[in-house]
Amino acid sequence: MYNKIKDSTILVTGGAGFIGSYVVEELLLSKPKKIIIIDNLIRGSFDNIASFIENPLVEFIEGDIRNKVLLEQSIAKSDYVFHMAALRINSCAANPSEGFEVMLKATFDIAELCVKHKIKKVIYSSSASVYGLAQHFPTPESDNPYNNQTFYGGAKLWGEQLFRSFHFMYNLDYVALRYFNVYGVRMDTDGKYTEVMIRWLDCIRDQKSPLIFGDGNDTMDFVYVKDVAKANIAALVSDISDETFNVGNCEETSLRELLETLLKVNGSSLKPEFKEANSINPVSRRLADISAAKTKLSFEPSITLEEGLSELSRWYFEKNNLKKVDHDTYR
Ligand SMILES: NC(=O)c1ccc[n+]([C@@H]2O[C@H](COP(=O)([O-])OP(=O)(O)OC[C@H]3O[C@@H](n4cnc5c(N)ncnc54)[C@H](O)[C@@H]3O)[C@@H](O)[C@H]2O)c1
């Protein structure tokens, strides 16, 4: 297959974030001409991009996608765009007006500039949040989004539809990817869904009972961040356009099972403590049907939950131990 990455200039918005930094690492393997990253570091970090910040092929711009001049300067030089910068679901809920500026207005500006500067393809990071509580399990892309109740899910769906309409009106090529519950090394420690793994790792470190709020039977579909990065590359290099794909593991894991696996990989015999659910979770089940991505993008998740949690745990404990050493050194 023709190597679209080699010798191309590729803009990655949010490239210093959790998933974006892995996409950049994957892209570098195919020798691009240049990768431009725009990230305001509201959640991204220099730690995330440490493996490539010194790479001469990478231009890191600490900037905001709400800056249209900056966007245009970067898009004008690019062949392809990964649009990954976004606010978290809880930030959108806390500040919908900022959510509008980042998730809607800036995404509109990006789409318009991509048309103007004849970008060859956009890969748009969408989310399983568009479904709310889905109608079918495993959930196909054709499930309707009426159960979504969040600003974030609505904004992601609007983004998908924006690119779809620009494909229809202006032939802008794009693929949208609906990620399920992404986890792995460099994951954030205060997000709304996946942070539970980090809280439980804190408990394992401190030898305290991990807390489960509710009965622990809510399920999620956990997909390892490196697999998500590979799905992004597959979406770029394929000739597919104007399609949206689920990116999950097609495995339904309850919170209880998640904790059991995390305890197992850490050799811990701690017992969970159950507490009354402190909020009503409108999404009690998640399970992706990934057959479309498998067939059309040759996407195949390769990392099992046990492998992924082992890698995450190793990173977590290394990070914590290092912090302790630093602290002791400066005392
Ligand atoms: N992590 C998940 O489980 C998950 C699930 C579904 C969808 N997604 C989507 O995937 C994409 C990447 O998510 P992530 O988990 O890596 O999150 P992340 O927060 O680590 O990455 C997003 C990046 O965008 C940057 N950013 C935010 N607002 C910006 C702005 N105005 N200008 C410039 N940069 C800005 C942040 O600093 C951050 O580095 C996002 O679009 C997110 O909505 C993530």
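If you look the protein chain up in an unreviewed UniProt entry, it shows as UDP-glucose 4-epimerase from Christiangramia gaetbulicola.

Time to look at the pairing of strand β11 (residues 243–247). Of all five residues that make up β11, four are buried, and the element is covered over most of its length. Here strand β6 (residues 174–179) pairs with β11 via five bridges, running parallel. By the bridge assignment for β11, A176 is matched with T244.

What follows covers helix α2 (residues 68–76). Within α2, burial applies to L70, L71, S74 and I75. For α2, the arc enclosing every buried residue in end-on projection is 125°, short of the 170-degree limit, so these residues lie on one face. At its buried positions, α2 is contacted by β1 (9–13), β2 (34–39), β3 (58–62) and α4 (96–116). At the N-terminal boundary of α2, the capping side chain belongs to N67, with an oxygen 3.2 Å from the backbone nitrogen of V69.

With that settled, consider the site of the ligand. In the region of the ligand, 28 residues are neighbours, and I19, D39, R43, Y152 and K156 sit closest. A distance of 2.6 Å separates an oxygen atom of the ligand from a polar atom in the side chain of D39. For the ligand, the accessible surface in isolation is 810 Å², of which the surrounding protein chains cover 96%. Elements with a minimum of two residues in the shell around the ligand: α1 (18–28), β5 (121–127) and α5 (151–170). Broken down by element, the shell around the ligand gets its largest block of residues, three residues, from β5.

Before going further, it helps to spend a moment on the packing of α1 against helix α7 (residues 225–237). For the pair α1 and α7, interaxial distance at closest approach is 9 Å and the crossing angle is 55°. Classed by the angle they form, the pair α1 and α7 counts as oblique. The two elements α1 and α7 meet at a crossing, and its hand is right-handed. Each of F18, I19, Y22, V23, E26 and L27 in α1 lies in contact with α7, whose residues at this interface are V225, K226, V228, A229, K230, N232, I233 and L236. Among the residues forming the contact of α1 with α7, the class breakdown is ten nonpolar, one polar and three charged.

A few words now on the domain arrangement of the protein chain. Structurally, the protein chain comprises domain 1 (9–182 + 224–247) and domain 2 (184–220 + 252–277 + 285–330). Measuring from the centre of the C-alpha atoms in domain 1 to the corresponding centre in domain 2 gives 24 Å. At the interface, 34 residues of domain 1 touch 28 residues of domain 2. The junction of domain 1 with domain 2 conceals about 2,900 Å² of combined surface from both sides, 57% of it contributed by carbon and sulfur atoms. For the pair domain 1 and domain 2, the number of links is five salt bridges. Between E243 and K296 there is a salt bridge, with its nearest N and O atoms 3.1 Å apart. The interface formed by domain 1 and domain 2 includes 13 residue pairs in polar contact (both at pLDDT 80 or more). Counting residues per element, the ones that place at least two in the side of domain 1 that touches domain 2 are α1, α3 (89–94), β7 (181–183), α7 and β11. For the side of domain 1 that touches domain 2, the leading source of residues is α7, giving six residues.

Turning our attention to the environment of K118. Within the fold, K118 resides in the loop between α4 and β5. Here K118 falls in the exposed class, since its relative accessible area comes to 70%. For the pair K118 and N266, spaced 148 residues apart in the sequence, the C-alpha separation amounts to 50 Å.

One pass over the structure, following the stated rule, counts 23 salt bridges. The closest approach of N and O atoms between K120 and D79, which form a salt bridge, is 3.5 Å. Taken together, the positions of K120 in the loop between α4 and β5 and D79 in the loop between α2 and β4 (80–83) put the pair 41 residues apart, joining distant regions of the chain. Overlapping salt bridges bring together K68, K105, D109 and E112 as one network.

In spatial order, the strands read β3-β2-β1-β4-β5-β6-β11; together these seven strands make up an open sheet with parallel pairing. Unpaired on one side and paired on the other, β3 and β11 mark the two borders of the sheet. Averaged over all pairs of adjacent strands, the angle between strand axes in this sheet comes to 15°, irrespective of strand direction. Here six bridges tie β5 to β6, and the two strands are oriented parallel to one another. Paired with Y124 across the strands is A176, a residue of β6. Lying on the sheet, α5 is in contact with β5, β6 and β11; it crosses β5 at an angle near 155°.

Reading the values: rules and limits
- Residues numbered from 1 in each chain as written.
- Predicted model: local features only at pLDDT ≥ 70, side-chain atom pairs only at ≥ 80, totals over all residues.
- Heavy atoms only, no water.
- Buried < 20%, exposed > 50% of the residue type's maximum accessible area, 1.4 Å probe, protein only.
- Helix = DSSP H or I, 4+ residues; strand = E, 2+ residues; numbered from the N terminus.
- Pairing = 2+ DSSP bridges.
- Arc of directions from axis to C-beta.
- Contact = heavy atoms within 4.5 Å.
- Polar contact = N/O pair within 3.5 Å; in protein donor to acceptor, adjacent residues only side chain to side chain.
- Near = heavy atom within 4 Å.
- Areas by Shrake-Rupley, 256 points an atom, 1.4 Å probe, with all protein chains shown as cover.
- Axes fitted to C-alpha atoms, helices over the stretch in contact; angles between N-to-C directions.
- Parallel < 35°, antiparallel > 145°, perpendicular 65-115°, else oblique.
- Left-handed = near helix turned anticlockwise from the far one by under 90°.
- Nonpolar A, V, L, I, M, F, W, Y, C, P; charged D, E, K, R; others polar.
- Domains from an automatic or database assignment.
- Buried area = accessible area lost by both parts, 1.4 Å probe.
- Salt bridge = Lys/Arg side-chain N within 4 Å of Asp/Glu carboxyl O.

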